[in-house]
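So you can see what is in the structure, the chains are spelled out below.
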Amino acid sequence: MPFAQPSSIETNFLAAVAEPNTPEMREARALDALFPARFAPPAPGDLFVGRVRDLSFGLDARHGGFFFSDETPSTHQKMLAACSPRLRESITSTGPLRAHTGWTGFALDYDTLLQQGLQGLRVRISARRNIAHVPRAAWDGMLATLDVIQGSALTLADSAAADGLEHSAAALEAIVIHPPRSLYEALQLLLLYSAHAGFPEQHGRMDEYLGDLYADDLLAGRITPEDAERMLAEFFRMCADNRGAPGRVTVGGRGRRNPSRADACAALVINVIERQLGFTARLDVRTHRGDAPAWRERLHALAANDHAALHDDDALLPEIKHDFALTLNVAERYVPIGDKTYSLGHAGYHAPLCELDAATLSAADFAPHVEAAAEYHALACDIAGIEAPCLVQSLLLDGCIARGETAFTGGVRFLGGALIAHNAYHLRNALRTCARDQRERTWLHAYVCGFA
């Protein structure tokens, strides 16, 4: 049942973590101990169900995996412990290179989630299992994870119905059975899934995955644009409340499905953020030569008022393709995750694990720090694969379901690392050197790193 006491949640959580099991099933069991118990009652005025309580323990990609309130080592602490003394000194000292905690640069495939729904993901996994004729721990863990998410939805639906929140209850019951059929159901599913994923920072290309549902709602007369603005503002506010800070959302650019519908949804997102309706996300807008002049003028006005950051596809896409040997359809998936820093959306799994204060470093001094960051990232991925496979995220990353692997065990093609730095020229040259020296660990392929 939801709304349990934190002490009882922690007891069940620690027991699940201590069970002898595969990494995938241990994580699924730990997630089951956290949810739906971690959900909190709706606050007055909430349009959706999906608030969670902040706990001193849990399973969260933003914390790097498992974290605990007792003496049990966290996943991040195990990553540091596995480092050689030399590497640990390189990333934890007062020098220019420092390691970050957690995986925050990824953007999940919410488009697939909304098109196929929870049951559709289950069908895909079952189909792959039938074709392969071999057991895979990742598939077992993914199915168990979907059981937890669907169980949370049904439990919350019962609780919402008892509290008179019939709209929320109906939406929660519906998304367990079929993909969302309205903007409201889509936002409710996104909140539910995000809660189990630890409320990732990146919302991804929202105009693409919400565009069709928004257009269909308007055509059917189910909502008005004002209704949609109110729902989206509430969604952003609840995500920010649960995360403790606003996230990032990307709109515009090349490579979107149904561009005209996506443009209408992009305008909706921009309206919400421009009017500051709720605690909204950071807005990144991708532009290109095909944008209408009036639209381009509005975007530049947004940027001038610090409501959005603009990213030029015409300049960035050729650069991303060339520097990191990507096809156009993969490069087009990029989403900004920082100042001049980009990830490949759901084509990769990325983490800003290290920060390099490189403003005063020479080119010769730069390369060893990049090598240390790459070494730490490779080691951290190995530890994560056996400690915290991140099943909720793996379900919505390209290749994981098809291969029957998690993000850290070969499921995702581009397992990316990130290095936050301040000298784009030296960084680019160092990354090219790393690419030649670490072909087995092409962590940098998934990340475009460059800070002015």
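Before reading further, recall that the structure is shown in the block above.
I will try to describe carefully the structure that is included in this document. Per chain, residues are indexed from 1 in the order of the written sequence. The predicted origin of the model limits local features to residues at a pLDDT of at least 70 and limits the giving and counting of side-chain atom pairs to 80 or more, whereas totals for whole chains, interfaces and linings rest on all residues. The basis for every side-chain value is the complete set of non-hydrogen atoms in the structure, without hydrogens or water.

**Quick word on the packing of aromatic side chains**
Stacked, tilted and edge-to-face are the three classes assigned to paired rings of Phe, Tyr and Trp, where Trp is represented by its six-membered ring and a pair needs centres within 6.5 Å; plane angles under 30 degrees give stacked, over 60 edge-to-face, the rest tilted. In the structure shown here, the tally under the stated rule is eight aromatic pairs. Ring geometry for Phe13 and Phe66: centres 6.0 Å apart, planes at 40°, overall tilted. You can see Phe13 sitting in helix 1 (residues 6-18) and its partner Phe66 sitting in strand 2 (residues 65-67), a full 53 residues away along the chain. When accessible area is computed with a 1.4 Å probe and restricted to protein chains, residues below 20% of their type maximum are described as buried, those above 50% as exposed, and intermediate ones as partly exposed. Residue classification places Phe13 among the buried positions, given a relative accessible area of 0%. Numbered from the N terminus, helices here are DSSP runs of H or I no shorter than four residues, and strands are runs of E no shorter than two.

**A short note on the packing of helix 6 (residues 137-162) against helix 8 (residues 183-196)**
Look at helix 6 against helix 8: their axes get within 10 Å of each other, and the N-to-C directions meet at 125°. Taken together, the axes of helix 6 and helix 8 lie oblique to each other. The crossing of helix 6 and helix 8 is right-handed. Of the residues in helix 8, those touching helix 6 at Val148, Ile149, Ser152, Ala153 and Leu156 are Leu192, Tyr193 and His196. Working convention: axes come from line fits to C-alpha atoms, limited for helices to the stretch in contact. Angles between N-to-C directions cover 0 to 180 degrees. An angle counts as roughly parallel when it lies under 35 degrees, as roughly antiparallel when it exceeds 145, as roughly perpendicular when it falls between 65 and 115, and as oblique in every other case. Each crossing gets its hand from how the near helix is turned against the far one by less than a right angle, where anticlockwise is left-handed and clockwise is right-handed. Throughout, a residue-residue contact means that at least one pair of heavy atoms, one from each residue, lies within 4.5 Å.

**Considerations on the layout of surface pockets**
Definitions used for this entry: grid spacing 1 Å over protein atoms alone; cavity, a set of points where a 1.4 Å probe fits but cannot get out; pocket, an open set with protein on both sides within 12 Å along at least 5 of 7 lines; lining residue, one with an atom within 4 Å of a point. Grid points are joined across faces, edges and corners, and a volume is the space filled by probe spheres set on the points. Counted as a void, the largest pocket has a volume near 260 Å³. Along the walls of the largest pocket sit 17 residues, with Arg205, Glu208, Gly255, Arg333 and His346 positioned nearest its centre. For the lining of the largest pocket, the secondary-structure elements that each account for two or more residues are helix 5 (110-132), strand 4 (202-205) and helix 9 (206-220). The greatest single-element share of the lining of the largest pocket, amounting to three residues, is contributed by strand 4. Classifying every residue of the lining of the largest pocket by side-chain character gives five nonpolar, six polar and six charged. As a volume, the second largest pocket reaches approximately 220 Å³. Lining the second largest pocket are 13 residues, and of these His167, Tyr184, Ile223, Arg230 and Met231 sit closest to its centre. Going through the elements one at a time, helix 7 (166-177), helix 8 and helix 10 (225-243) are the ones with two or more residues in the lining of the second largest pocket. Any residue that is not Ala, Val, Leu, Ile, Met, Phe, Trp, Tyr, Cys, Pro, Asp, Glu, Lys or Arg is counted as polar, Gly included; the first ten are nonpolar and the last four charged. The residue inventory of the lining of the second largest pocket, partitioned by class, reads five nonpolar, three polar and five charged.

**Overview of the pairing of strand 5 (residues 248-252)**
Within strand 5, five of the five residues are buried, which leaves the element mostly enclosed by the surrounding structure. In this scheme, strands are said to pair when DSSP sees at least two bridges between them. Where strand 4 meets strand 5, two bridges bridge the pair, whose relative direction is parallel. If you follow Gln202 over to strand 5, its bridge partner there is Arg248. Where strand 5 and strand 6 (residues 282-287) come together, five bridges link them in parallel fashion. Its bridge partner lying in strand 6, Thr250 is registered against Asp284.

**Here's the deal with helix 10**
Taking 1.5 Å per residue as the helical rise, helix 10 with its 19 residues ought to reach 27 Å, and the 27 Å between its terminal C-alpha atoms agrees with that figure. Looking one or two places after helix 10, you find Gly244, whose phi comes out positive at around 90°. To estimate how far a helix should extend, the number of its residues minus one is multiplied by 1.5 Å.

**Focus on the environment of Met79**
Locating Met79 in the fold gives a position in helix 3 (residues 75-81). For Met79, a relative accessible area of 2% gives the class buried. For the pair formed by Met79 and Cys381, sequence separation is 302 residues and the distance between their alpha carbons is 8.7 Å. Apart from residues no more than four positions distant in its own chain, Met79 is found in contact with Gly64, Trp103, Tyr376, Leu379, Ala380, Ile383 and Ala384.

Note that all results are geometric; they support no functional claim without further evidence.
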